[in-house]
Amino acid sequence: MEIQFINPFTKNLLSLATDGLLENCALIFPKKNGAYRIVNDDNYTENFGYQWNKFAGTQVDKASKLQISKTRFFAETNWDKEDLAGKNILEVGSGAGRFTQILLDHTNANVYSVDYSNAVEANFQNNGPHERLNLFQASIYEMPFAKAQFDKVLCLGVLQHTPDFEQSVKALTDMVKPGGELVVDFYGINGAWTKVHAKYMYRPFTKRMSHENLYQLIEKNIDWMISTSIFFSKTGLGPLLNRFIPVCDIEGTLPTNLPYDQLRELCVLDTFDMFSPEYDNPQKISTVKRWFEKYGMTNVWGGKIPYDNCVASVVKGIKKQ
Ligand SMILES: C[S@@+](CC[C@H](N)C(=O)[O-])C[C@H]1O[C@@H](n2cnc3c(N)ncnc32)[C@H](O)[C@@H]1O
């Protein structure tokens with residue numbers, strides 16, 4: 001089925017042209033460096049634009065030669081590669097395109113990929129141009145698509161970084177066609193300890209720093225933070241003590257036995273990702289399940305899915321017919 005485009009602000013129909021999206025033959029949203037631009041870069045996700053263009057290939061399997069994105073994608077979605085052929089998939093908050101790459105290289109799906117930040121340029125660098133890829137710089141709340149058209153909607157690692165988690169879930173459910181599926185993962189609330197963490201102590205300051213200064217601060221300190229974190233993990237006290245070191249969760253989220261330079265790069269990226277976002281709102285799986293049901297999803301499943309040495313909080317459901 002052909003996807004129908006709309007102007008999210010006026011609801012008028014749009015047509016897709018090589019240089020942009022047209023409304024009544026007038027160019028409304030230009031295409032620049034591979035992406036249709038519904039918004040400009042000046043919004044709360046600027047940090048992500050900086051981050052993903054600086055670390056464009058770090059988490060993208062075909063560049064890193066790791067399988068972290070592929071493993072996570074299939075563990076969480078459980079989608080059948082063959083079944084996706086010819087299907088229309090909407091990916092929201094695609095960042096540098098680690099999962100866009102999996103969809104393009106491991107399935108024959110048509111991919112519509114959205115990010116609010118200039119990360120769309122990193123995604124295009126990694127995955128474009130490609131006949132099955134359509135990239136949009138747009139907000140989850142104002143996407144240029146008519147409702148209920150997509151066979152599958154995917155949103156990984158994004159919802160906690162939006163200002164209104166519930167409205168973001170609603171915006172995603174709106175895009176799923178009857179009988180289609182929505183899969184999300186997000187930072188889960190894991191009891192009272194969730195916010196007792198260096199991240200939540202320092203974020204009020206770090207998110208206000210310039211991106212360059214924050215990046216330089218992390219670069220200068222990353223080596224001692226990695227060695228201290230690994231030391232605590234070896235003593236068995238990692239889960240208790242590492243939350244007070246201002247570094248990403250190495251033990252719980254990164255592959256073991258990486259060459260040091262690759263581990264270091266992943267740590268700098270994940271630590272920047274921890275301290276720079278404007279919003280960081282973890283959520284309970286049960287609450288997200290309830291919102292799925294409230295906004296028209298059925299067969300809703302929520303739980304923890306393990307992959308590699310990580311565990312993700314995942315909710316999925318099918319749009320009511
Ligand atoms: C932590 S990154 C995850 C990127 C990618 N899914 C991944 O796992 O590598 C979160 C992404 O969500 C995007 N984002 C945040 N708020 C958004 C919004 N309102 N609409 C669309 N994308 C948004 C950011 O620009 C950023 O690229």
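None of these values were measured; they are calculated from a predicted model.

## Focus on the packing of aromatic side chains
1) Next: Scanning the model with the defined rule gives 20 aromatic pairs in all.
2) Next: Directly above the aromatic system of Tyr215 lies the positively charged group of Lys54, at a separation of 4.4 Å from the ring centroid.
3) Next: Sitting over the ring of Trp301, Lys316 keeps its end group 5.8 Å from the ring centre.

## Remarks on the pairing of strand 10 (residues 176-186)
1) Next: Within strand 10, 8 of the 11 residues are buried, which leaves the element mostly enclosed by the surrounding structure.
2) Next: Bridge count between strand 9 (residues 150-156) and strand 10: 6 bridges; the pairing is parallel. Of the residues in strand 10, the one forming a bridge with Phe150 is Val176.
3) Next: Handedness of the crossover joining strand 9 and strand 10 through helix 6 (residues 165-175) is recorded here as right-handed.
4) Next: Judged from the 6 bridges that link them, strand 10 and strand 12 (residues 310-319) form a sheet pairing that is antiparallel. The partner of Val184 across the bridge, within strand 12, is Val315.

## Some thoughts on the side chain of Arg243
1) Next: As for its position among the elements, Arg243 is in the loop between helix 9 (238-241) and helix 10 (250-253).
2) Next: No salt bridge is formed by the buried Arg243; its nearest oppositely charged neighbour, Asp249, is found at 8.3 Å.
3) Next: When neighbours within four sequence positions are excluded, Arg243 is seen to be in contact with Trp193, Thr194, Val196, His197, Ala198 and Gly238.

## Details of the sheet that holds strand 9
1) Next: The strand order 1-2-3-4-5-8-7-6-9-10-12-11 describes an open sheet built from 12 strands, whose pairing is mixed. At either end of the open sheet lies a strand with only one pairing partner, and these are strand 1 (5-6) and strand 11 (297-307).
2) Next: Where strand 2 (residues 13-17) and strand 3 (residues 20-23) come together, 3 bridges link them in antiparallel fashion. Bridge pairing in strand 3 places Leu16 opposite Leu21.
3) Next: In this fold helix 3 (residues 68-77) packs onto strand 9, strand 10, strand 11 and strand 12, with an angle of close to 140° to the strand it touches most, strand 11.

## Digging into the packing of helix 1 (residues 46-54) against helix 8 (residues 211-235)
1) Next: Contact geometry for helix 1 and helix 8: axes closest at 10 Å, N-to-C directions at 50°. The angle between helix 1 and helix 8 falls in the class oblique. Along this stretch, helix 1 crosses helix 8, giving a crossing that reads as right-handed. Contacts between helix 1 and helix 8 involve Glu46, Asn47, Tyr50 and Lys54 from the first element and His211, Glu212 and Tyr215 from the second.
2) Next: Counted by class, the contact of helix 1 with helix 8 contains 2 nonpolar, 2 polar and 3 charged residues.

## Side note on the domain arrangement of the protein
1) Next: On domain assignment, one finds that the protein holds domain 1 (35-188 + 289-319) and domain 2 (192-275).
2) Next: Taking the mean C-alpha position of each, domain 1 and domain 2 sit 25 Å from one another.
3) Next: Listed by partner, the interface residues are 18 residues for domain 1 and 22 residues for domain 2.
4) Next: Regarding the contact of domain 1 and domain 2, the summed buried area is about 1,600 Å², with carbon and sulfur atoms giving 60% of it.
5) Next: Per-residue buried area on domain 1 facing domain 2 is highest for Tyr50, Phe55 and Asn309; these three make up 34% of the total on that side.

## Let's talk about the site of the ligand
1) Next: Near the ligand there are 22 residues, and of these Tyr44, Gly93, Asp115, Ile140 and Leu156 occur at the shortest range.
2) Next: Coverage of the ligand by the protein amounts to 96% of the 590 Å² it exposes when considered alone.
3) Next: Residue assignment for the shell around the ligand shows that the elements contributing at least two residues are helix 1 and helix 4 (98-106).
4) Next: Partitioned by chemical class, the residues of the shell around the ligand number 9 nonpolar, 10 polar and 3 charged.

The rules we used
Residues numbered from 1 in each chain as written. Predicted model: local features only at pLDDT ≥ 70, side-chain atom pairs only at ≥ 80, totals over all residues. Heavy atoms only, no water. Phe/Tyr/Trp six-rings, centres within 6.5 Å; stacked < 30°, edge-to-face > 60°. Lys NZ or Arg CZ within 6 Å of the ring centre and 35° of its normal. Buried < 20%, exposed > 50% of the residue type's maximum accessible area, 1.4 Å probe, protein only. Helix = DSSP H or I, 4+ residues; strand = E, 2+ residues; numbered from the N terminus. Pairing = 2+ DSSP bridges. Right-handed = clockwise from strand over helix to strand, strands pointing away. Lys, Arg positive; Asp, Glu negative; His and termini not counted. Salt bridge = Lys/Arg side-chain N within 4 Å of Asp/Glu carboxyl O. Contact = heavy atoms within 4.5 Å. Axes fitted to C-alpha atoms, helices over the stretch in contact; angles between N-to-C directions. Parallel < 35°, antiparallel > 145°, perpendicular 65-115°, else oblique. Left-handed = near helix turned anticlockwise from the far one by under 90°. Nonpolar A, V, L, I, M, F, W, Y, C, P; charged D, E, K, R; others polar. Domains from an automatic or database assignment. Buried area = accessible area lost by both parts, 1.4 Å probe. Near = heavy atom within 4 Å. Areas by Shrake-Rupley, 256 points an atom, 1.4 Å probe, with all protein chains shown as cover.

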